[in-house]
Amino acid sequence: RSLTKPLMLAATACVTACGYSNAPIIGGFGSFKYQYMPGLLKAPTGANMQNCHGLVTDKDENIYLTYQNDGKTDANCLIKWEPDGTGGEFMTGGGGQLCSGTPHGLKIATEGGIQYLYHANNNQKLTKTQLDGTIVWQRTGNFGQDPKLPYRPTWFAVPPESKYIYLCDGYGSNNVYVFDRAGVFQNKTFGGKGGMDQHGKFSTNHGCTYDPRNGKIAVSDRANHRIEYFDFDNNSPDTFAYNYTVDMRPSLGSLTLPCNLRMYPEQEGRSIIPDLTGPVAVLDQGNKVVSVVNVSVLLKTTQHKHPHDAIFLSNGDMVVATWAPGRISYWKKL
(Lines give C-alpha, C1' and ligand atoms only; values in the text may rest on other atoms or scores of the structure.)
Protein backbone atom coordinates (compact mmCIF):
# COMPACT_ATOMS: atom_id res chain seq x y z
CA ARG A 1 0.00 0.00 0.00
CA SER A 2 1.07 3.59 -0.38
CA LEU A 3 3.22 5.12 2.37
CA THR A 4 2.41 8.65 1.29
CA LYS A 5 -0.30 9.29 3.91
CA PRO A 6 1.61 7.97 6.97
CA LEU A 7 4.73 9.74 5.69
CA MET A 8 2.98 13.09 5.58
CA LEU A 9 1.21 12.54 8.92
CA ALA A 10 4.48 11.62 10.62
CA ALA A 11 6.27 14.57 9.07
CA THR A 12 3.49 17.00 10.06
CA ALA A 13 3.39 15.69 13.63
CA CYS A 14 7.12 16.08 14.02
CA VAL A 15 7.25 19.52 12.47
CA THR A 16 4.53 20.62 14.87
CA ALA A 17 6.37 19.17 17.87
CA CYS A 18 9.65 20.58 16.65
CA GLY A 19 8.29 24.07 16.84
CA TYR A 20 9.72 24.02 20.36
CA SER A 21 13.40 24.88 20.26
CA ASN A 22 14.57 21.94 22.37
CA ALA A 23 12.21 19.33 20.97
CA PRO A 24 13.92 16.39 19.24
CA ILE A 25 13.49 16.00 15.50
CA ILE A 26 12.32 12.45 14.85
CA GLY A 27 11.37 10.80 11.57
CA GLY A 28 10.29 7.38 10.37
CA PHE A 29 7.69 4.98 11.69
CA GLY A 30 7.20 1.43 12.93
CA SER A 31 10.40 -0.19 14.15
CA PHE A 32 12.56 2.29 12.25
CA LYS A 33 12.46 5.72 13.81
CA TYR A 34 15.45 8.06 13.79
CA GLN A 35 16.41 11.18 15.71
CA TYR A 36 18.41 13.96 14.06
CA MET A 37 21.67 14.69 15.89
CA PRO A 38 22.61 18.27 15.00
CA GLY A 39 25.89 18.21 16.92
CA LEU A 40 27.42 15.49 14.74
CA LEU A 41 29.08 15.49 11.30
CA LYS A 42 30.32 19.04 11.60
CA ALA A 43 32.41 20.03 8.60
CA PRO A 44 36.02 21.15 9.15
CA THR A 45 36.68 24.87 9.28
CA GLY A 46 36.93 26.23 5.75
CA ALA A 47 34.57 23.74 4.11
CA ASN A 48 32.14 25.37 1.67
CA MET A 49 29.88 22.54 0.56
CA GLN A 50 27.82 23.55 -2.46
CA ASN A 51 26.54 20.01 -3.00
CA CYS A 52 27.07 16.93 -0.83
CA HIS A 53 27.17 13.93 -3.10
CA GLY A 54 28.66 10.56 -2.04
CA LEU A 55 29.07 8.63 1.23
CA VAL A 56 31.01 5.52 2.29
CA THR A 57 32.43 3.94 5.44
CA ASP A 58 35.78 2.15 5.68
CA LYS A 59 36.70 -1.06 7.53
CA ASP A 60 37.30 0.95 10.70
CA GLU A 61 33.81 2.49 10.33
CA ASN A 62 35.08 6.01 9.59
CA ILE A 63 32.63 8.06 7.52
CA TYR A 64 33.66 9.70 4.22
CA LEU A 65 31.87 12.36 2.19
CA THR A 66 32.69 13.67 -1.26
CA TYR A 67 31.32 17.10 -2.07
CA GLN A 68 31.47 19.94 -4.58
CA ASN A 69 33.27 22.99 -3.18
CA ASP A 70 32.65 26.64 -4.06
CA GLY A 71 35.66 26.89 -6.38
CA LYS A 72 36.83 29.96 -4.49
CA THR A 73 37.63 29.77 -0.79
CA ASP A 74 37.55 25.95 -0.49
CA ALA A 75 39.75 23.68 -2.62
CA ASN A 76 38.77 20.42 -0.86
CA CYS A 77 36.24 17.74 -1.75
CA LEU A 78 36.77 14.81 0.65
CA ILE A 79 36.05 14.74 4.40
CA LYS A 80 36.51 11.93 6.93
CA TRP A 81 34.78 11.69 10.32
CA GLU A 82 35.26 9.27 13.19
CA PRO A 83 32.66 6.46 13.43
CA ASP A 84 30.66 8.49 15.98
CA GLY A 85 30.39 11.49 13.64
CA THR A 86 33.02 13.63 15.37
CA GLY A 87 36.48 14.82 14.35
CA GLY A 88 35.84 15.86 10.74
CA GLU A 89 39.02 16.43 8.74
CA PHE A 90 39.90 17.04 5.10
CA MET A 91 41.55 14.23 3.13
CA THR A 92 43.94 16.30 1.02
CA GLY A 93 46.03 13.70 -0.80
CA GLY A 94 44.40 14.36 -4.18
CA GLY A 95 44.51 18.15 -4.09
CA GLY A 96 43.04 20.07 -6.99
CA GLN A 97 43.67 17.20 -9.39
CA LEU A 98 40.98 15.25 -7.54
CA CYS A 99 38.74 18.07 -6.38
CA SER A 100 38.37 20.33 -9.42
CA GLY A 101 35.11 20.02 -11.36
CA THR A 102 32.11 18.35 -9.73
CA PRO A 103 33.04 15.40 -7.46
CA HIS A 104 29.99 13.14 -7.40
CA GLY A 105 29.84 9.38 -6.89
CA LEU A 106 31.99 7.61 -4.27
CA LYS A 107 32.58 3.89 -3.72
CA ILE A 108 35.01 2.00 -1.52
CA ALA A 109 36.67 -1.31 -2.37
CA THR A 110 39.19 -3.65 -0.77
CA GLU A 111 41.87 -4.93 -3.13
CA GLY A 112 44.79 -7.01 -1.89
CA GLY A 113 43.89 -6.10 1.67
CA ILE A 114 44.05 -2.36 0.94
CA GLN A 115 41.03 -0.08 0.74
CA TYR A 116 40.60 2.34 -2.16
CA LEU A 117 38.05 4.95 -3.19
CA TYR A 118 36.54 5.16 -6.67
CA HIS A 119 35.39 8.67 -7.62
CA ALA A 120 33.14 9.70 -10.52
CA ASN A 121 33.33 13.42 -11.33
CA ASN A 122 30.63 14.98 -13.56
CA ASN A 123 33.36 16.93 -15.37
CA GLN A 124 34.51 13.83 -17.27
CA LYS A 125 36.97 12.67 -14.62
CA LEU A 126 37.33 9.18 -13.14
CA THR A 127 39.75 8.60 -10.27
CA LYS A 128 40.92 5.80 -8.02
CA THR A 129 42.53 6.98 -4.78
CA GLN A 130 43.81 5.88 -1.44
CA LEU A 131 41.61 6.76 1.53
CA ASP A 132 43.44 10.06 2.02
CA GLY A 133 42.71 11.06 -1.58
CA THR A 134 46.17 10.23 -2.98
CA ILE A 135 45.64 9.39 -6.64
CA VAL A 136 46.33 5.87 -7.91
CA TRP A 137 45.05 6.53 -11.44
CA GLN A 138 42.90 9.09 -13.17
CA ARG A 139 41.12 9.18 -16.54
CA THR A 140 40.00 12.55 -17.88
CA GLY A 141 37.93 13.30 -20.97
CA ASN A 142 37.15 10.66 -23.56
CA PHE A 143 38.44 7.23 -22.55
CA GLY A 144 37.62 5.42 -25.80
CA GLN A 145 33.82 5.53 -25.84
CA ASP A 146 31.75 7.00 -28.68
CA PRO A 147 32.84 10.67 -28.73
CA LYS A 148 29.54 11.76 -30.27
CA LEU A 149 27.63 10.90 -27.09
CA PRO A 150 27.25 13.22 -24.10
CA TYR A 151 29.39 12.21 -21.15
CA ARG A 152 28.87 13.26 -17.49
CA PRO A 153 29.63 10.25 -15.26
CA THR A 154 27.86 9.81 -11.93
CA TRP A 155 28.79 6.58 -10.09
CA PHE A 156 30.78 3.34 -10.15
CA ALA A 157 29.66 -0.15 -9.18
CA VAL A 158 32.62 -2.12 -7.80
CA PRO A 159 31.71 -5.81 -7.27
CA PRO A 160 34.19 -7.20 -4.71
CA GLU A 161 35.09 -10.42 -6.54
CA SER A 162 35.07 -9.00 -10.06
CA LYS A 163 38.00 -8.04 -12.25
CA TYR A 164 35.81 -5.23 -13.58
CA ILE A 165 34.06 -2.06 -12.46
CA TYR A 166 30.95 -0.54 -14.03
CA LEU A 167 30.47 3.18 -14.64
CA CYS A 168 27.03 4.77 -14.85
CA ASP A 169 27.01 7.85 -17.12
CA GLY A 170 23.86 9.16 -15.50
CA TYR A 171 24.02 12.80 -16.56
CA GLY A 172 25.33 12.01 -20.02
CA SER A 173 24.64 9.08 -22.34
CA ASN A 174 22.77 6.86 -19.83
CA ASN A 175 25.23 4.14 -20.78
CA VAL A 176 27.06 1.72 -18.52
CA TYR A 177 30.77 1.45 -19.38
CA VAL A 178 33.01 -1.42 -18.25
CA PHE A 179 36.58 -0.84 -17.00
CA ASP A 180 39.17 -3.05 -15.38
CA ARG A 181 40.62 -2.22 -11.98
CA ALA A 182 43.47 -0.32 -13.60
CA GLY A 183 40.99 2.08 -15.18
CA VAL A 184 41.28 0.68 -18.71
CA PHE A 185 38.07 0.78 -20.75
CA GLN A 186 37.11 -2.69 -21.96
CA ASN A 187 35.27 -1.48 -25.09
CA LYS A 188 32.00 -2.75 -23.65
CA THR A 189 28.98 -0.44 -23.50
CA PHE A 190 25.49 -1.29 -22.22
CA GLY A 191 22.24 0.56 -21.55
CA GLY A 192 21.48 3.86 -23.23
CA LYS A 193 18.55 6.26 -23.07
CA GLY A 194 15.05 4.83 -22.68
CA GLY A 195 11.71 5.11 -20.92
CA MET A 196 9.79 3.05 -18.39
CA ASP A 197 8.62 0.65 -21.12
CA GLN A 198 12.23 -0.33 -21.92
CA HIS A 199 14.08 -2.50 -19.41
CA GLY A 200 17.84 -2.17 -19.60
CA LYS A 201 17.48 1.41 -20.85
CA PHE A 202 17.65 4.39 -18.53
CA SER A 203 16.57 7.94 -17.88
CA THR A 204 19.35 9.14 -15.56
CA ASN A 205 21.11 5.95 -14.48
CA HIS A 206 22.38 7.86 -11.49
CA GLY A 207 23.70 5.19 -9.14
CA CYS A 208 25.40 1.84 -9.75
CA THR A 209 25.78 -0.54 -6.81
CA TYR A 210 26.71 -4.17 -6.32
CA ASP A 211 24.02 -5.88 -4.23
CA PRO A 212 25.62 -8.56 -2.02
CA ARG A 213 22.18 -9.94 -1.17
CA ASN A 214 21.67 -11.35 -4.66
CA GLY A 215 25.02 -10.97 -6.43
CA LYS A 216 23.65 -8.54 -9.02
CA ILE A 217 24.31 -4.91 -9.94
CA ALA A 218 21.51 -2.49 -9.05
CA VAL A 219 21.14 0.62 -11.21
CA SER A 220 19.16 3.55 -9.84
CA ASP A 221 17.18 4.58 -12.92
CA ARG A 222 16.16 7.85 -11.35
CA ALA A 223 13.80 9.59 -13.77
CA ASN A 224 12.14 6.24 -14.54
CA HIS A 225 11.40 5.92 -10.78
CA ARG A 226 12.90 2.46 -10.41
CA ILE A 227 15.80 0.20 -9.54
CA GLU A 228 16.88 -2.19 -12.32
CA TYR A 229 18.92 -5.31 -11.58
CA PHE A 230 21.54 -6.82 -13.89
CA ASP A 231 23.54 -10.03 -14.09
CA PHE A 232 27.28 -9.76 -14.78
CA ASP A 233 30.33 -12.02 -14.98
CA ASN A 234 33.19 -11.58 -12.50
CA ASN A 235 35.68 -12.84 -15.09
CA SER A 236 34.43 -11.24 -18.29
CA PRO A 237 33.35 -7.74 -19.33
CA ASP A 238 30.93 -9.14 -21.90
CA THR A 239 27.86 -9.61 -19.69
CA PHE A 240 25.49 -6.98 -18.35
CA ALA A 241 22.06 -8.55 -18.71
CA TYR A 242 18.76 -7.22 -17.40
CA ASN A 243 17.18 -9.42 -14.72
CA TYR A 244 14.33 -7.61 -12.92
CA THR A 245 12.91 -4.27 -11.78
CA VAL A 246 11.83 -2.74 -8.46
CA ASP A 247 9.29 0.01 -9.19
CA MET A 248 9.44 2.61 -6.42
CA ARG A 249 6.26 4.50 -7.38
CA PRO A 250 3.77 2.38 -5.38
CA SER A 251 5.57 3.07 -2.09
CA LEU A 252 7.19 6.48 -2.63
CA GLY A 253 4.77 8.14 -5.05
CA SER A 254 4.61 8.76 -8.78
CA LEU A 255 7.25 11.51 -8.69
CA THR A 256 9.88 9.58 -6.74
CA LEU A 257 13.50 10.04 -7.88
CA PRO A 258 15.61 7.27 -6.30
CA CYS A 259 19.25 8.39 -6.37
CA ASN A 260 20.98 5.34 -5.01
CA LEU A 261 20.52 2.01 -3.24
CA ARG A 262 22.82 0.80 -0.46
CA MET A 263 22.47 -2.71 1.01
CA TYR A 264 23.34 -4.17 4.41
CA PRO A 265 23.14 -7.98 4.65
CA GLU A 266 24.45 -7.83 8.23
CA GLN A 267 21.44 -5.67 9.20
CA GLU A 268 18.81 -8.28 8.32
CA GLY A 269 19.33 -7.49 4.65
CA ARG A 270 17.97 -3.97 4.86
CA SER A 271 18.73 -1.29 2.28
CA ILE A 272 18.34 2.48 2.04
CA ILE A 273 17.27 4.82 -0.77
CA PRO A 274 17.77 8.60 -0.83
CA ASP A 275 15.02 10.20 -2.90
CA LEU A 276 15.94 13.53 -4.52
CA THR A 277 12.40 14.82 -3.93
CA GLY A 278 12.95 14.82 -0.15
CA PRO A 279 12.50 11.52 1.71
CA VAL A 280 14.89 8.73 2.62
CA ALA A 281 13.40 5.23 2.55
CA VAL A 282 14.33 2.20 4.65
CA LEU A 283 13.68 -1.10 2.86
CA ASP A 284 13.65 -4.72 4.01
CA GLN A 285 15.64 -7.53 2.39
CA GLY A 286 13.04 -7.82 -0.36
CA ASN A 287 13.27 -4.08 -1.15
CA LYS A 288 9.87 -3.38 0.41
CA VAL A 289 9.67 0.05 2.09
CA VAL A 290 9.28 -0.31 5.87
CA SER A 291 9.93 3.28 6.96
CA VAL A 292 10.45 6.75 5.51
CA VAL A 293 12.30 9.71 7.02
CA ASN A 294 11.11 12.86 5.27
CA VAL A 295 14.39 14.72 5.57
CA SER A 296 13.39 17.73 3.46
CA VAL A 297 10.37 18.43 5.68
CA LEU A 298 11.98 17.68 9.03
CA LEU A 299 15.07 19.79 8.30
CA LYS A 300 13.40 22.42 6.15
CA THR A 301 14.65 25.35 8.20
CA THR A 302 18.28 24.33 7.58
CA GLN A 303 17.68 23.56 3.90
CA HIS A 304 18.37 19.83 3.77
CA LYS A 305 16.34 19.74 0.58
CA HIS A 306 17.35 16.94 -1.78
CA PRO A 307 18.75 13.63 -0.43
CA HIS A 308 21.46 12.49 -2.83
CA ASP A 309 23.12 9.66 -0.91
CA ALA A 310 22.38 7.83 2.33
CA ILE A 311 24.06 5.04 4.28
CA PHE A 312 23.54 3.00 7.41
CA LEU A 313 26.27 2.76 10.02
CA SER A 314 27.03 -0.56 11.72
CA ASN A 315 24.95 0.46 14.77
CA GLY A 316 21.90 1.09 12.58
CA ASP A 317 22.21 4.88 12.58
CA MET A 318 21.75 6.73 9.30
CA VAL A 319 23.79 9.39 7.48
CA VAL A 320 22.25 11.50 4.71
CA ALA A 321 23.96 13.82 2.20
CA THR A 322 21.82 16.39 0.40
CA TRP A 323 22.18 18.41 -2.77
CA ALA A 324 21.46 22.07 -3.60
CA PRO A 325 22.57 23.21 -1.07
CA GLY A 326 25.13 20.81 0.35
CA ARG A 327 24.20 19.44 3.76
CA ILE A 328 24.98 16.30 5.76
CA SER A 329 22.99 14.92 8.70
CA TYR A 330 23.34 12.18 11.30
CA TRP A 331 20.21 10.26 12.39
CA LYS A 332 20.32 8.05 15.49
CA LYS A 333 18.15 4.94 15.40
CA LEU A 334 15.70 4.86 18.31
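Note that the structure is predicted; figures quoted are calculated from it, not measured.

**Re the sheet that holds strand E16 (residues 216-221)**
- With antiparallel pairing, four strands are arranged side by side in an open sheet as E15-E16-E17-E18. Two strands lie at the open edges of the sheet, namely strand E15 (205-211) and strand E18 (236-247), each paired on one side alone. When strand polarity is set aside, the average angle formed by the axes of neighbouring strands in this sheet is 25 degrees.
- Direction of pairing for strand E17 (residues 226-233) relative to E18: antiparallel, over a ladder of eight bridges. Paired with Asp-233 across the two strands is Ser-236, which belongs to E18.

**A few points about the pairing of strand E7 (residues 103-111)**
- For E7, the buried fraction is high: seven of the nine residues fall into the buried class.
- Sheet topology note: the E7/strand E8 (residues 114-121) ladder contains eight bridges and is antiparallel. When the bridges of E8 are listed, Lys-107 appears paired with Tyr-118.
- What sits between the antiparallel neighbours E7 and E8 is a turn of two residues, in which Gly-112 has the positive phi angle 60 degrees.

**Considering the state of the cysteines**
- In this structure the tally under the stated criterion is two disulfides.
- The disulfide partner of Cys-77 is Cys-99, and the S-S distance across this bridge is 2.2 Å. On the sign convention where negative is left-handed, the bridge of Cys-77 and Cys-99, at about -70 degrees about the S-S bond, is left-handed. Of this pair, Cys-77 sits in the loop between strand E4 (63-68) and strand E5 (78-81) while Cys-99 sits in helix H2 (residues 95-99), placing them 22 residues apart in sequence.
- Overall, the relative accessible area of 1% leaves Cys-77 in the buried class.
- The disulfide partner of Cys-168 is Cys-208, and the gap between their sulfur atoms is 1.8 Å. Taking the sign of the S-S torsion, about 55 degrees here, the bridge from Cys-168 to Cys-208 comes out right-handed. Separated by 40 residues along the polypeptide, Cys-168 in strand E12 (residues 164-168) and Cys-208 in strand E15 bring together distant segments of the chain.
- Residue classification places Cys-208 among the buried residues on the basis of a relative accessible area of 0%.
- Each bonded cysteine of the protein is numbered by sequence order, and under that numbering the disulfide pairs are 1-2, 3-4.
- Between Cys-52, a free cysteine, and Cys-77, which holds the nearest cysteine sulfur, the sulfur-to-sulfur gap is 12 Å.
- According to the relative accessible area criterion, Cys-52 is buried, its value standing at 0%.

**Regarding the nonpolar core**
- If you look at the biggest cluster of nonpolar residues, it comprises 33 residues, and the most contacted ones within it are Tyr-34, Leu-65, Met-318, Val-319 and Trp-331.
- For this core, the element with the highest residue contribution is strand E24 (residues 318-323), accounting for four residues.

**A closer look at the sheet that holds strand E11 (residues 155-157)**
- Judged by pairing direction, the sheet is antiparallel, and its four strands sit side by side in the order E11-E12-E13-E14 without closing on themselves. Where the open sheet ends on each side, the last strands, each with one partner, are E11 and strand E14 (185-191). Mean inter-strand twist for the sheet, computed between neighbouring axes without regard to direction, equals 30 degrees.
- Bridge count between strand E13 (residues 175-180) and E14: four bridges; the pairing is antiparallel. Paired with Phe-179 across the strands is Phe-185, a residue of E14.

Quick notes on the rules
Residues numbered from 1 in each chain as written. Predicted model: local features only at pLDDT ≥ 70, side-chain atom pairs only at ≥ 80, totals over all residues. Heavy atoms only, no water. Pairing = 2+ DSSP bridges. Helix = DSSP H or I, 4+ residues; strand = E, 2+ residues; numbered from the N terminus. Axes fitted to C-alpha atoms, helices over the stretch in contact; angles between N-to-C directions. Buried < 20%, exposed > 50% of the residue type's maximum accessible area, 1.4 Å probe, protein only. Disulfide = S-S within 2.5 Å. Core = buried A, V, L, I, M, F, W, Y, C linked by side-chain atoms within 4.5 Å.

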